[in-house]
Amino acid sequence: MQSRPMTTSETMLQGRMASARSFLVRNMVTIMFLVLSAVGYKLSGMTPFLFLMDIVARLSRNAFLVLALIIPVMAGMGLNFSIVLGAMAAQAIVIFVTHWGFAGLPGILLSMALVTPLAAILGYLTGSLFNRTKGQEMIAGLILGYFAQGIYELVFLQLVGGIIPMDNSTIIMSSGVGVRTTIDLTNGLKYGLDWPGQYWGNDLLLRPTLPWAIIGMAVALAVGIVIYQLRVDKRQRLGSTQLVLAGIGLAWACWWSVQQIQARTQINWIRVPLLTWLVIAGACVGLHFFSRTKLGQDMRSVGQDRHVAAVAGIDVNRVRIAAIILSMVMAAWGHIIFLQNIGTFSTYGSHEQVGLYSAAALLIGGATVARATIGHALLGTLLFHTLFIVAPAAGRQLFGDAQIGEYFRVFVAYGIIGITLAMHAWKQILQRRSVDQ
Amino acid sequence: MQDKSFLKDMDLARLIIAAFFILLCVAAIALRLDFAELITSSLARIGMWGVLVLAMLPAIVSGIGPNFGVSLGIVCGLLGGLTALELAYRLEGIVAFSPGMLFFIAMVFSLPFALLVGVGYGWLLNRVKGSEMMIATYVGFSIVSIMKLAWVFLPFKNPEMAWPIGRGVRVQIALANRGMAQLLNNFLAFRIGEVVVPTGLLLTVALAIFLMWLFLRSRTGMAMSTAGSNPRFAEASGITVNRQRIIGTVLSTVLGAVGILIYSQSYGFLQLYEGPMFMPFVAVAAVLIGGASVKKATISHVIIGTVLFLGIQVVAVPVANAFTAEWSSMGEISRKIIQNGVILYALTQAGGE
């Protein structure tokens, strides 16, 4: 009980503390991973050079796939584990494009063009399935992934080379039936997007060094913030504290980069796959504007409450199918980006973990089953893959065994999904109960 | 009502699978495969999985749905098995355990783990009603992957289990050294012509099924079925639904623990690390193939499902191989397609919210 009325400054302080606490609670997972990554990095004893090189590669490899999960979350369908099907479609197309001998950027563009209709059909079928399993989309997506794996193996292990003719000794197994277990994309699609100049004999085209890329991004962000402040409604503008913090952050990034350039450190050897990053940026911008279109708004309404949306005249099932089609196509493109960056892939394995790792990354970024933003996706990819890089090294340093770090990171991926799902389901029940009463 | 429902349960999906099984058997005879050998390994395979598939029954009946997280029970069983082996090693020279005794000790040791884990898991599932299947799956995945760390760090000293160099226990631990391999299979086993009948194994499974049958007819069993099939009515008639669901979960987890020990003795090895990861899906698919839905299951579903699904697995491989050598992976592929196709089908039949 309060014995005297609070002064204004006390109320403000309390308000500040309450908002700080709710910020901590809301972002608990992300903050935990920030700490975990930092500790892991310290323990691993990695040099900044090795770490940055790896994280640049992993960011450009995985970010697009994580972005593919956002639209179904918007439509209230949870984490779309069926993106594994998109990844399989991508691998199927990449196998054929490699067989036909296409390479470099033209090969990538051809693959993306060919995979789009295939992924759209798969998305349509998956969406129809999800409409028959409403409320259980995630488990259905997961099992569908395993089911599709069986079909995929049937086609590529037993039919290609036999019933589906393909005469290519580098792709087909020596027995003449079935695609080899690993496909090498070297001299083919490898680095087709990351390193487009290679195809035309210009190694450095669209490949700035990391410091220059950071300076470029900082400038672009600054310009973006200025435009945002000028164009947006007064109430939505960033506050002065946020502006100062952003300014300090950007200035520090520029200063650090200039220092690296002047000192000619190893960091200057790291090259950023600019075209890939532009594609990812394009996807972010596209998603941002998509959420404001009619279809995007419909998806939000469906996501909030299917019944209310149906009453409002939205064709719920159609909107849900559209969400899965978009997600599936994005996943297929994302997996092509993934494959061209790795440069070699396991025909019957590379797609398996796509759903798991993308979902875990999104959740670590602070998303929930009901709400995911572009920021969650990018931050989550960064944090999750930081953990991926440092965990084995930290395991080796701590226990003399990299395998332990490996086990740990796999556990983290499963655990984070389990915990987030459970917390979400629990919250839903509590909400439903409070509505009932 | 129960007897009539059998034909009705045989809807299209099950008919297709049953027809496929018969087709495989006909093909096996036509291809002059060693039929006695096929029956022998089918019997062993069915017995191996029997109790694990039975573990689905209390889960579905109590209303939590097919237990995709039965790997929790499996892990408890493995833990019991390892503890028993460790005990035998530590007490070497003081007490000599007979294989049967050791197997019994393994079961006894796994029980406290299974009870404890089952209660906690049931508590969790009560808080996530409506999403049990997904959450069970990921709880299972999480536990199996954290147990990989545990297998590395738990202080087991028995050289039969530990790697000669480095840390942790092996990926597969042979039970033959302690005489536990095929312990039940060989008990009272007899031959009919070329067919070997693993009497002990089948009797154990039959006993487990009989006990479950008795339980489902007991007071608690009835209360559990009511809580599962009609929670509102159950609450109204004074049954605590959440309590019944926990009982179902504990039973399922315990059966998972016992089931994996029975499985392992038949297989001859305890499979750790990645081993238990995907086992729940096989058990779930088997009971669904038998005619169960995610909301309703009976003992006959368990028996029919186990025979059909595991029978297909045994017969499919040699039949595919007999056609052409290049079809060597057909057995595994057909298992994947049938197993996951059936689970998907059951999910669509549940009709969602």
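Residues numbered from 1 in each chain as written. Chains lettered and ligands numbered in written order. Predicted model: local features only at pLDDT ≥ 70, side-chain atom pairs only at ≥ 80, totals over all residues.

**Regarding the packing of helix α5 (residues 71–90) of chain B against helix α12 (residues 241–267) of chain B**
All names here are of chain B.
Next up, step 1: One way to put it is that α5 packs onto α12 with a least axis distance of 7 Å and a crossing angle of 55 degrees. By the angle class used here, α5 and α12 are oblique. Between α5 and α12 lies a crossing whose hand is right-handed. Residues L72, G73, I74, C76, G77, L78, G80 and G81 of α5 form the contact with α12, whose participating residues are S252, T253, V254, L255, G256, A257, V258, I260, L261 and S264.
Next up, step 2: Partitioned by chemical class, the residues of the contact of α5 with α12 number 10 nonpolar, 8 polar and no charged. (Axes fitted to C-alpha atoms, helices over the stretch in contact; angles between N-to-C directions. Helix = DSSP H or I, 4+ residues; strand = E, 2+ residues; numbered from the N terminus. Parallel < 35°, antiparallel > 145°, perpendicular 65-115°, else oblique. Left-handed = near helix turned anticlockwise from the far one by under 90°. Contact = placed C-beta atoms within 7 Å. Nonpolar A, V, L, I, M, F, W, Y, C, P; charged D, E, K, R; others polar.)

**What to know about the interface of chain A and chain B**
Next up, step 1: Counting residues at the interface gives 39 residues for chain A and 36 residues for chain B.
Next up, step 2: At the level of elements, α6 (104–132), α7 (137–159) and α16 (402–436) of chain A are the ones that each hand at least two residues to the side of chain A that touches chain B.
Next up, step 3: The dominant element in the side of chain A that touches chain B, judged by the number of residues it contributes, is α7(A), at 15 residues.
Next up, step 4: For the side of chain A that touches chain B, a count of residues per class yields 25 nonpolar, 10 polar and 4 charged.

**Describing the nonpolar core**
For soluble globular proteins, nonpolar side chains are generally found buried alongside one another.
Next up, step 1: Residues A:A360 and B:A283 are the most contacted members of the largest nonpolar core, which totals 239 residues.
Next up, step 2: Per-element tally for this core: the top contributor is helix α13 (residues 316–342) of chain A, with 17 residues.
Next up, step 3: Formed jointly, this core draws a minimum of three residues from each of two domains, domain 1 (29–207 + 271–436) and domain 2 (208–270) of chain A.
Next up, step 4: Setting aside its immediate chain neighbours within four residues, A:A360 contacts A:F384, A:A413, A:I416 and A:I417. (Core = buried A, V, L, I, M, F, W, Y, C linked by C-beta atoms within 7 Å. Buried ≥ 20, exposed ≤ 12 C-beta atoms within 10 Å, placed from the backbone. Domains from an automatic or database assignment.)

**Remarks on the packing of helix α2 (residues 28–44) of chain A against helix α15 (residues 374–399) of chain A**
The description of two helices packed together rests on the angle between their axes and the distance between the axes.
Residue and element names in this part refer to chain A.
Next up, step 1: At a minimum axis separation of 8 Å, α2 and α15 run at an interaxial angle of 35 degrees. In this structure, the crossing between α2 and α15 has a hand that is left-handed. Across the interface between the two elements, T30, F33, L34, L36, S37, G40, Y41, L43 and S44 from α2 touch L379, L383, T386, L387, V390, A391, A393, A394, Q397 and L398 from α15.

**A short note on the confidence of the model for chain A**
Next up, step 1: For chain A, the average pLDDT comes to 88, and 96% of its residues sit at 70 or higher.
Next up, step 2: Per-element confidence in chain A ranges from a low mean pLDDT of 71 for helix α1 (residues 8–26) of chain A to a high of 95 for α13(A). (pLDDT = per-residue confidence, 0-100.)

**Structural notes on helix α9 (residues 199–217) of chain B**
Residues and elements named next belong to chain B.
Next up, step 1: Under the 1.5 Å per step criterion, the end-to-end length of α9 is 27 Å for 19 residues, consistent within 8% with the ideal 27 Å.
Next up, step 2: Residues of α9 that are buried include every one of L201, T204, V205 and M212, and no others. Here the buried residues of α9 occupy an arc of 95 degrees about the axis, which is enough to place them on one side. Among the exposed residues of α9, those pointing more than 90 degrees away from its buried face are L207, F210, L214 and R217.
Next up, step 3: If you follow the buried residues of α9, they end up packed against α3 (35–54), α4 (56–62), α8 (183–186), α12 and α14 (299–323). (Expected span 1.5 Å × (residues − 1). Arc of directions from axis to C-beta.)

**Quick look at the environment of B:A286**
Residues and elements named next belong to chain B.
Next up, step 1: One can find A286 in helix α13 (residues 279–289).
Next up, step 2: Here A286 falls in the buried class, since 29 other C-beta atoms lie within 10 Å of it.
Next up, step 3: It is 8.6 Å that separates the C-alpha atoms of A286 and H301, two residues lying 15 residues apart in sequence.
Next up, step 4: Ignoring sequence-local partners within four residues, the contact set of A286 consists of W49, V53, G305, T306, F309 and L310.

**Describing the domain arrangement of chain A**
Residues and elements named next belong to chain A.
Next up, step 1: The domain boundaries assigned to chain A delineate domain 1 (29–207 + 271–436) and domain 2 (208–270).
Next up, step 2: The straight-line distance from the C-alpha centre of domain 1 to that of domain 2 is 28 Å.
Next up, step 3: Contacts between the two partners involve 9 residues from domain 1 and, on the opposite side, 7 residues from domain 2.
Next up, step 4: Take the side of domain 1 that touches domain 2: its biggest share by element is 5 residues, from helix α3 (residues 48–67).

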